[in-house]
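Analysis of the macromolecular model
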Amino acid sequence: MTDPRVPAEPSSGQPTWFVVVLGLGLAVLVAALCFFALHALGADQVGGGFVLVIALLSAVVGGFAARTVAALLPPVSRRD
């Protein structure tokens, strides 16, 4: 019988910290690409509300992409 207070360890897959860091990196990449695209289209200034929209969009896209990519990668092993 297992202790209900201890979370079950997944049998395979990526650790949570890896998926979070991957999602953060991908979200920053998406936000940077959005700002580069705006600059290439000739936007000189971007308002605060539009920055919030880009941040939310990049967070959603980065999180979805992180879960998708993490499922395709081999498991991260810990070296003791």
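Let me begin by describing the structure that accompanies this report. Here the structure is a predicted model, which means the values were calculated and not measured. (Residues numbered from 1 in each chain as written. Predicted model: local features only at pLDDT ≥ 70, side-chain atom pairs only at ≥ 80, totals over all residues. Heavy atoms only, no water.)

**Comments concerning the packing of aromatic side chains**
Test applied: To pair, rings of Phe, Tyr and Trp, with the six-membered ring standing in for Trp, must have centres within 6.5 Å; the planes then decide the type, stacked if under 30 degrees apart, edge-to-face if over 60, and tilted in the middle. Each residue is placed in one exposure class: buried if its accessible area under a 1.4 Å probe, protein chains only, is under 20% of its type's maximum, exposed if it is over 50%, and partly exposed if it falls in between.
Per the stated rule, a full pass over the model turns up one aromatic pair. An angle of 90° between the planes, with centres 6.0 Å apart, marks the rings of tryptophan 17 and phenylalanine 18 as edge-to-face. According to the relative accessible area criterion, tryptophan 17 is exposed, its value standing at 53%.

**Remarks on the side chain of serine 58**
Condition: Where helices and strands are cited, they refer to DSSP runs of H or I of at least four residues and of E of at least two residues respectively, numbered from the N terminus. As used in this structure description, the phrase polar contact means that two N or O atoms lie within 3.5 Å; if the pair is within protein, one of them must be able to donate a hydrogen and the other to accept it, and residues adjacent in sequence are counted only when both atoms belong to side chains. When checking whether two residues touch, look at their non-hydrogen atoms; a contact exists if any pair is within 4.5 Å.
Among the secondary structure elements, serine 58 is positioned in helix α2 (residues 48–72). Its relative accessible area of 5% is what places serine 58 among the buried residues. A distance of 2.9 Å separates the side chain of serine 58 from the backbone oxygen of alanine 55, its partner in a polar contact. Apart from the residues within four sequence positions on either side, serine 58 is in contact with Ala27, Val30 and Ala31.

**With respect to α2**
Filter applied, for reference: What a helix should span is 1.5 Å times the count of its residues minus one.
Its 25 residues place the ends of α2 36 Å apart at the C-alpha level, agreeing with the 36 Å of an ideal helix rising 1.5 Å per residue. Where the residues of α2 are buried, they touch α1 (16–40).

**Notes on the packing of α1 against α2**
Keep this limit in mind: Simply put, an axis is a line fit to the C-alpha atoms, just over the touching stretch for a helix, and the angle between two N-to-C directions goes from 0 to 180 degrees. An angle below 35 degrees is treated as roughly parallel, one above 145 as roughly antiparallel, one from 65 to 115 as roughly perpendicular, and anything else as oblique. The hand of a helix crossing depends on one turn: near helix anticlockwise from the far one by less than a right angle means left-handed, and clockwise means right-handed. The nonpolar class holds Ala, Val, Leu, Ile, Met, Phe, Trp, Tyr, Cys and Pro. Asp, Glu, Lys and Arg form the charged class, and all remaining residues, Gly among them, are polar.
Between α1 and α2, whose axes approach to 7 Å, the crossing angle comes to 135°. Between α1 and α2, the angle falls in the class oblique. For the pair α1 and α2, the crossing hand works out as right-handed. By residue class, the composition of the contact of α1 with α2 is 19 nonpolar, three polar and one charged.

**Focus on a nonpolar patch on the surface**
Here is the rule: Patch definition: residues above 30% relative accessible area lacking any salt bridge, with like charges linked at up to 9 Å and the nonpolar side chains Val, Leu, Ile, Met, Phe, Trp and Tyr linked at up to 5 Å. Each accessible area is a Shrake-Rupley result for a 1.4 Å probe, and residues are judged covered by the shown protein chains and nothing else. Throughout this description, the term salt bridge denotes a Lys or Arg side-chain nitrogen within 4 Å of a carboxyl oxygen of Asp or Glu.
Taken together, Phe35, Val46, Phe50, Val51 and Val53 make up a surface patch of nonpolar side chains, about 380 Å² in accessible area. As for its position among the elements, phenylalanine 35 is in helix α1. In this structure phenylalanine 35 comes out as partly exposed when scored by relative accessible area, which is 32%.

**Brief notes about α1**
For α1, built from 25 residues, the straight-helix expectation of 36 Å at 1.5 Å per residue is met to within 8% by its first-to-last C-alpha distance of 36 Å. Those residues of α1 hidden inside the fold are in contact with α2. Positive backbone phi, at 100°, marks glycine 42, one or two positions downstream of α1.

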